[in-house]
Amino acid sequence: MNVIEVQNLRKEFKSYSSRSGLGGAFRDLFTRNYKVLPAVDDVSLTIKQGEMVGYIGENGAGKSTTIKMLTGILTPTSGSIVVNGMNPHKQREEFVRTIGVVFGQRSQLWWDIAVQESFRLLKKVYRVSDEDYNQHMGHVIETLEIGPLLDKPVRKLSLGQRMRCELAAALIHNPPLLFLDEPTIGLDVLVKLKIRKFLKEINEQYKTTILLTTHDLTDIEALCERVVLLDEGKIIYDGKLNELQSHAVEGKQVEFEFLAEVQRNHLPYLANVHWEQKDATTWLAYVNGDERLVSQLISDVVKKNPIKNVRINEVSTEEIVRKIYEEGMALA
Amino acid sequence: MSMYLEMIRVRFLMMLAYRTNYYSGILIYSINIGAYYFLWSAIYGENAEIQGLSVLQMTTYVAVAWMARAFYFNNIDREIAAKIKDGKVAIEMIRPYNYLGMKTMQALGEGIFRLLFFSVPGMIIVALIFPISFSASLMTWLFFLVSLVFSFIVNTQINLLTGIMSFFLFNNTGLIRAKRVVIDLFSGLLLPISFFPIWAQSVMSYLPFQAISYIPSMIFTEGFVGQEIYLAVLLQAGWALILMIPIQLLWSLAKKQLIVQGG
């Protein structure tokens, strides 16, 4: 079953550019130069129930805009959106009962009152029965370890504490679909791990569909099988994370640390191997080929030079995504 | 419905979270009433009556007008504007409730809180210090309460309107300030409407502001009698209905045009 069905989605923003100088400012009072910029450009996407999808892209790529359209906050300029079988904008009140949203940069708890008061209000808002609440939230509160925080006002919580409470608040009505917009922004490693573990758990337990945007690609590696890569409002990759890795990067990087200083002419000349010196005793070899070439290279090098350490570096997702951002997606 | 009641409760909690605000509020209102009392005593001087109001009625008018203000006054316009400015309005759109309805409930929570813990004790203090006449007639009290509810509704509607305007203007601090001054002046809080020049009175009779302060205060001081009372309350009700129209129109426009500022 498709939870999210998006077709040819487009959102344009009208922005005006200020003219320079005082004269320009006066002219701006009367007429302004408008420019129409597409933030999301012809995006089509389907997501099945129970999937965890990472939605990634540079700043300004249109991630948040897409999420806002999917949650019914923004109206699309054109295109169709069906989420949980509804049109988010037209059937807003009915629709939002079926989703949970966490904005990492915006708190949705009431700032001046204790966390449990916010929960109590949300429980009423979503018409959750006492029984469901106690059973479901009891578990959530326990897993996220926020029990001791419940009687504190939100403004007194640390970012990590607040974020865990936000997550719990988004789950009060146990929604089948969860949108997370940069949920781990600014959090330390321990809190991040806790949140990831929790997300995995609810995904397994309730088959909750999760759409996640983040700049921390380790989040995606830990959680998502599928990634959607967005650039300038367009989808440039939609598929498995490990395929992205194997497609985008050819070969491996081998790092040799020698006992003594080594010159370039002491190193073997092989086709498809490119050398780069890191410091006096360390060289990097970029190997454009399979494992056999790598082992041949290592044996050739070790025969002639005494080495201290050899390391074969896997290319991280971060590296891949950086490369894609910089060079564009060749295989899209 | 229970979520709206819960919202009123939450607003109570918020008010209690800032106690200093609450205490200083009582002080400020008492000082205001005191200042106006002495001002009006000086203006009346030897006159027993100006524009059909005696000194005693005038003092009562001022005291009641300020205490009623504690009930109907709220800052939801500024709150809405702030939410729009920092983009938090997005959060409100993902909630399964009517945002304006929820905002009104928050205002009501704030109003009831102030009425109970601020106006009533404040009025007792003021009555001990200044000569104020309380009506013995139950009907007067009843009409006063009804018209107080309407003054809350009309004022909140005007606040909603000003708040929604920031969807279109993005920064409407100026408009909000202007609205505040206009309401204080034209609603009859600072000066009863009957004290304005005739041409100004006829202009104001076409504006909703007198429904906010002038009508409940006049009812309380028995400046209105007989049929005048019914007409006044009807006028308030009429404005409450009329103001719904621009609010609904602007709100549906605003939702369409909503741009969440800041990412």
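Computed from a prediction, not measured in an experiment: that's the story for all the values here. (Residues numbered from 1 in each chain as written. Chains lettered and ligands numbered in written order. Predicted model: local features only at pLDDT ≥ 70, side-chain atom pairs only at ≥ 80, totals over all residues.)

**Q** Would you mind showing me how to read the overall build of chain A here?
**A** Broken down by element type, chain A carries 11 helices and 13 strands. Relative to its length of 332 residues, chain A is extended, with a C-alpha radius of gyration of 25 Å against a globular reference of 20 Å. The principal-axis extent of the C-alpha atoms belonging to chain A is close to 75 × 60 × 45 Å. Sorting the 332 residues of chain A into buried and exposed places 37% on the buried side. For chain A, long-range pairs separated by at least 24 residues make up 73% of all intrachain contacts whose partners lie at least 6 apart in sequence. (Helix = DSSP H or I, 4+ residues; strand = E, 2+ residues; numbered from the N terminus. Rg over C-alpha atoms; globule rule 2.2 N^0.38 Å. Buried ≥ 20, exposed ≤ 12 C-beta atoms within 10 Å, placed from the backbone. Contact = placed C-beta atoms within 7 Å.)

**Q** What should I look at first to understand the overall build of chain B in this one?
**A** Looking only at helices and strands, one finds 11 helices and two strands in chain B. Beginning at the N terminus, the succession of helices and strands in chain B can be written as α-α-β-β-α-α-α-α-α-α-α-α-α. For chain B, the C-alpha radius of gyration of 19 Å lies close to 18 Å, the compact-globule estimate for 263 residues. Seen along its three principal axes, the alpha-carbon backbone of chain B occupies a region of about 65 × 40 × 35 Å. Expressed as a percentage of the 263 residues in chain B, the buried residues total 40%. Of the contacts formed within chain B by residues at least 6 apart in sequence, a portion of 82% connects residues at least 24 apart.

**Q** Would you mind showing me how to read the interface of chain A and chain B here?
**A** Buried accessible area, meaning the area lost when the parts come together, often serves as the stated size of an interface. The interface of chain A with chain B comprises 24 residues on the first partner and 21 residues on the second. Where the side of chain A that touches chain B is concerned, the elements lending two or more residues are α2 (63-70), α3 (92-96) and α4 (115-125) of chain A. With five residues, the top contributor of residues to the side of chain A that touches chain B is α4(A). Each residue belonging to the side of chain A that touches chain B can be placed in one class, and the counts come to 10 nonpolar, six polar and eight charged. (Nonpolar A, V, L, I, M, F, W, Y, C, P; charged D, E, K, R; others polar.)

**Q** I would appreciate a short explanation of helix α6 (residues 99-129) of chain B in the present structure.
**A** The α-helix advances 3.6 residues per turn, and as a result positions three or four apart in sequence lie on the same side. When the terminal C-alpha atoms of α6(B) are compared, their 42 Å separation across 31 residues agrees well with the 45 Å that a helix rising 1.5 Å per residue should span. Taken as a whole, α6(B) carries its principal kink of about 40 degrees at Leu115(B). (Expected span 1.5 Å × (residues − 1). Bend = angle between axes of the 7 residues up to and from the residue.)

**Q** Whenever I open this one, the nonpolar core confuses me. Can you help?
**A** The tendency in soluble globular proteins is for nonpolar side chains to be buried as a group. Residue and element names in this part refer to chain A. By size, the foremost hydrophobic cluster in this structure holds 92 residues, and its most contacted members are Ala 168 and Leu 212. Element by element, the count of residues in this core is highest for helix α6 (residues 159-170), at six residues. Apart from the residues lying within four places of it in its own chain, the contact partners of Ala 168 are Val 140, Ile 141, Leu 144 and Ile 146. (Core = buried A, V, L, I, M, F, W, Y, C linked by C-beta atoms within 7 Å.)

**Q** It is not clear to me how the sheet that holds strand β1 (residues 2-17) of chain A should be interpreted in this structure. Could you clarify?
**A** Backbone hydrogen bonds hold the strands of a sheet together, and the pairing may be parallel or antiparallel. All names here are of chain A. Within the open sheet, the three strands sit side by side as β2-β1-β4. Their pairing is antiparallel. The open sheet is flanked by β2 (33-48) and β4 (78-83), the only strands paired with a single partner. Going across the sheet, the axis of each strand differs from the next one's by a mean of 25 degrees, ignoring polarity. (Pairing = 2+ DSSP bridges. Axes fitted to C-alpha atoms, helices over the stretch in contact; angles between N-to-C directions.)

**Q** Help me understand the sheet that holds strand β10 (residues 252-258) of chain A, please; the structure alone is not making it clear to me.
**A** All names here are of chain A. Within the open sheet, the four strands sit side by side as β11-β12-β10-β13. Their pairing is antiparallel. If you trace the sheet from one side to the other, it starts and ends with β11 (273-279) and β13 (307-313), each paired once. The average angle at which neighbouring strand axes cross in this sheet is 20 degrees, direction not considered. Relative to β13, β10 runs antiparallel, the two sharing six bridges. Considered in β13, the bridge of Phe 258 is made with Ile 307. Its contacts with the sheet put helix α10 (residues 291-304) on β10, β11, β12 (282-287) and β13, and the angle it makes with β10 is roughly 15 degrees.

**Q** Can you walk me through unusual backbone geometry in this structure?
**A** Comment: phi is negative for the bulk of residues other than glycine, and the bulk of peptide bonds are trans. All names here are of chain A. Phi at Asn 8 is positive, roughly 45 degrees, even though this residue is not glycine. Within the secondary structure, Asn 8 sits in strand β1. Residue classification places Asn 8 among the exposed residues on the basis of 12 C-beta atoms within 10 Å. Its identity is not glycine, yet Asn 174 carries a phi of approximately 45 degrees, on the positive side. Residue placement: Asn 174 occurs in the loop between α6 and β6 (177-181). C-beta crowding within 10 Å serves as the criterion here: with 18 such atoms nearby, Asn 174 is assigned to the partly exposed category.

**Q** I tried to follow the environment of Met58(B) on my own but got confused; where do I start?
**A** Residue and element names in this part refer to chain B. For Met 58, the location among the structural elements is in helix α3 (residues 55-72). Each C-alpha atom of the pair Met 58 and Pro 192 lies 8.8 Å from the other, and the pair is 134 residues apart in sequence. The contact partners of Met 58, leaving out residues within four places of it in the chain, are Trp 40, Tyr 44 and Leu 53.

**Q** Would you mind showing me how to read the confidence of the model for chain B here?
**A** Detailed reading of the predicted coordinates is not advisable wherever pLDDT is low. Scored by pLDDT, chain B comes out at a mean of 87, with 98% of its residues at no less than 70. Summarising per-element confidence for chain B, the mean pLDDT is lowest in helix α5 (residues 89-93) of chain B (82) and highest in helix α7 (residues 138-169) of chain B (92). (pLDDT = per-residue confidence, 0-100.)

**Q** For this particular structure, what's the right way to read the domain arrangement of chain A?
**A** Here chain A is partitioned into domain 1 (2-246) and domain 2 (250-314). Between the C-alpha centres of domain 1 of chain A and domain 2 of chain A the distance comes to 44 Å. (Domains from an automatic or database assignment.)

**Q** Even after reading the chapter, I still don't get the pairing of strand β7 (residues 209-213) of chain A, so can you show me in this structure?
**A** Along a regular strand, successive side chains alternate from one face of the sheet to the other. All names here are of chain A. Across the five residues that make up β7, a large majority, five, are buried. Burial along β7 is two-sided: the residues Thr 209, Leu 211 and Thr 213 and Ile 210 and Leu 212 are all buried. Summarising the sheet, strand β3 (residues 52-57) and β7 pair through four bridges and their orientation is parallel. Bridging across to β7, Val 53 finds its partner in Leu 211. Looking at chain direction, β6 and β7 are connected through five bridges and run parallel.

**Q** Any chance you could explain the packing of α7(B) against helix α8 (residues 173-186) of chain B here in plain terms?
**A** If you want to describe how two helices pack, look at the angle between their axes and the distance between the axes. All names here are of chain B. Interaxial distance between α7 and α8 falls to 10 Å at its minimum, and their mutual angle equals 160 degrees. Here α8 runs roughly antiparallel to α7, going by the angle between their axes. You can see that α7 and α8 cross each other, and the crossing is right-handed. Residues Ile 158, Thr 162, Met 165 and Leu 169 of α7 form the contact with α8, whose participating residues are Leu 175, Ile 176, Lys 179 and Ile 183. Considered class by class, the residues forming the contact of α7 with α8 number six nonpolar, one polar and one charged. (Parallel < 35°, antiparallel > 145°, perpendicular 65-115°, else oblique. Left-handed = near helix turned anticlockwise from the far one by under 90°.)

**Q** Can you help me understand the packing of α3(B) against α7(B) in this one?
**A** Residue and element names in this part refer to chain B. Contact geometry of α3 with α7 gives a least axis separation of 9 Å together with a crossing angle of 55 degrees. One element, α3, and the other, α7, form an angle in the oblique class. Between α3 and α7 the crossing geometry is right-handed. Seen from α3, the contacting residues are Ala 68, Phe 71 and Tyr 72; seen from α7, they are Leu 148, Ser 151, Phe 152 and Asn 155.

**Q** Mind showing me how you'd approach the environment of Arg95(B) here?
**A** As for its position among the elements, Arg95(B) is in the loop between α5 and α6. Those residues within four positions of Arg95(B) in sequence are excluded, and the remaining contacts are Val96(A) and Val125(A).

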